[in-house]
Amino acid sequence: MPRIIQPDGYIKGDTTLFIGSEKTALIDTGMEYCSPQLVEDLKKELGDRPLDYILLTHSHYDHVCGVPALRHAWPDVVVCAHPHAAKILAKESVRQFMMGMSAQNYEEMDPEHEVVGYPLEDYKVDLLVTEGSKIDLGDICFRVIETPGHTKCSVSYYDEINQILFASESTGIACTTDPFSVEPTYVSSFVQSMESIRKLKDLPVKKIVQSHRIIEKIQGVETYFERAETFAQLSCEFILSMHRNGLDPKDILKIYADVFAKRVEGQPIYAFLVNAEGAIKTVIRESEALGDEFLQFTNKN
């Protein structure tokens, strides 16, 4: 089995290092304020080996803001992401937004330091990956699987050799307060999240890794996607029941946050609210647009 290391960051597991027999890859890069410690930790783990690849699962700031510091530490690293993520990360407005979110992280977690303000070019994607793309590390070979729903650009990475799946957040996040619960994290599309969960559930998998968790067999790998589907459907129905009772999205958000905000350890409340607001709007929009067709995603398949 290849080496899989999740260096300490904002919460353990924001980044995951895969050390293959020929190449190395870091999946996701965490938040900017964690970058100095991340670079230090990676250098200890890698020794005299370089960091060859950065594989991004999507374009959210808590997954990409470590890219500039890593690029400075390893100038030859190849940053890989979906074309839509590359398009987003090439926008100056997005860089400004990420700097704002990072500033809040510094204020909360590391008030002695400030946002570095890396130039836009430091976030650039070097290699575009889509459905079926391969990233070969030797005894690890990732196949890219497009799994939108959390974002339009979300991808998962599946190592067929070792049957290790790095699942995107479109499938949810294993909950810290209850090891068998799965926190729904659909933002751009509930429907696409459900399709992504169903797309991955039949893969032969011995280990599931996420940006925030590693799920071993003892924690229910064989039932993870069934649980992910169930909790996503429960979340969707929770939102729709309030919508049917006449609550507006702002009131739904307050109630939703009271129920779900503390279920995933370490997530800043402002980040949770941004995602939850997107989820609420998505469920209402898709349920109204699809009508009866929406039921196939809210009922057990």
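Structural data are supplied above this passage.
Residues numbered from 1 in each chain as written. Predicted model: local features only at pLDDT ≥ 70, side-chain atom pairs only at ≥ 80, totals over all residues. Heavy atoms only, no water.

(A) Focus on the overall build of the chain. When you go through the chain residue by residue, the secondary structure sums to 10 helices and 14 strands. At 19 Å, the chain has a C-alpha radius of gyration in line with the 19 Å of a compact globule built from 301 residues. Based on the C-alpha atoms only, the size of the chain along its principal axes is roughly 60 × 45 × 35 Å. In the chain, the proportion of contacts linking residues at least 24 apart, taken out of those at least 6 apart, comes to 69%. For the chain, the accessible area works out to roughly 13,200 Å², and carbon and sulfur atoms hold 52% of it. Of the charged side chains in the chain, 30 are positive and 46 negative, and the gap between their average positions amounts to 3 Å. (Helix = DSSP H or I, 4+ residues; strand = E, 2+ residues; numbered from the N terminus. Rg over C-alpha atoms; globule rule 2.2 N^0.38 Å. Contact = heavy atoms within 4.5 Å. Areas by Shrake-Rupley, 256 points an atom, 1.4 Å probe, with all protein chains shown as cover. Lys, Arg positive; Asp, Glu negative; His and termini not counted. Charge placed at Lys NZ, Arg CZ, Asp CG, Glu CD.)

(B) Seen up close, the environment of Ala174. Relative to the helices and strands, Ala174 is located in strand β11 (residues 173-174). A relative accessible area of 9% places Ala174 in the buried class. Note: C-alpha distance between Ala174 and Val209 (35 residues apart in sequence) is 10.0 Å. (Buried < 20%, exposed > 50% of the residue type's maximum accessible area, 1.4 Å probe, protein only.)

(C) Representation of the packing of aromatic side chains. By the definition in use, this model includes nine aromatic pairs. Judged by centre distance (5.1 Å) and plane angle (80 degrees), the rings of Tyr186 and Phe190 are edge-to-face. Of the residues examined, Tyr186 reaches a relative accessible area of 3% and is grouped as buried. With a centroid separation of 6.3 Å and an interplanar angle of 20 degrees, the aromatic rings of Tyr256 and Phe272 are classed as stacked. Here Phe272 lies in helix α9 (residues 269-290) and Tyr256 lies in helix α8 (residues 249-260), a separation of 16 residues in the sequence. On the accessibility criterion, Tyr256 (3% relative accessible area) is buried. (Phe/Tyr/Trp six-rings, centres within 6.5 Å; stacked < 30°, edge-to-face > 60°.)

(D) Up close: unusual backbone geometry. In the Ramachandran plot, Asp28 falls in the positive-phi region, its phi being about 65 degrees despite a non-glycine side chain. Take Asp28: it is sitting in the loop between β3 (24-27) and α1 (35-46). We classify Asp28 as buried; its relative accessible area is 0%. For Gln163, which is not glycine, the phi torsion reads 55 degrees and is therefore positive. Within the fold, Gln163 resides in the loop between β9 (155-159) and β10 (164-166).

By themselves, these are just geometric observations and shouldn't be taken as functional.
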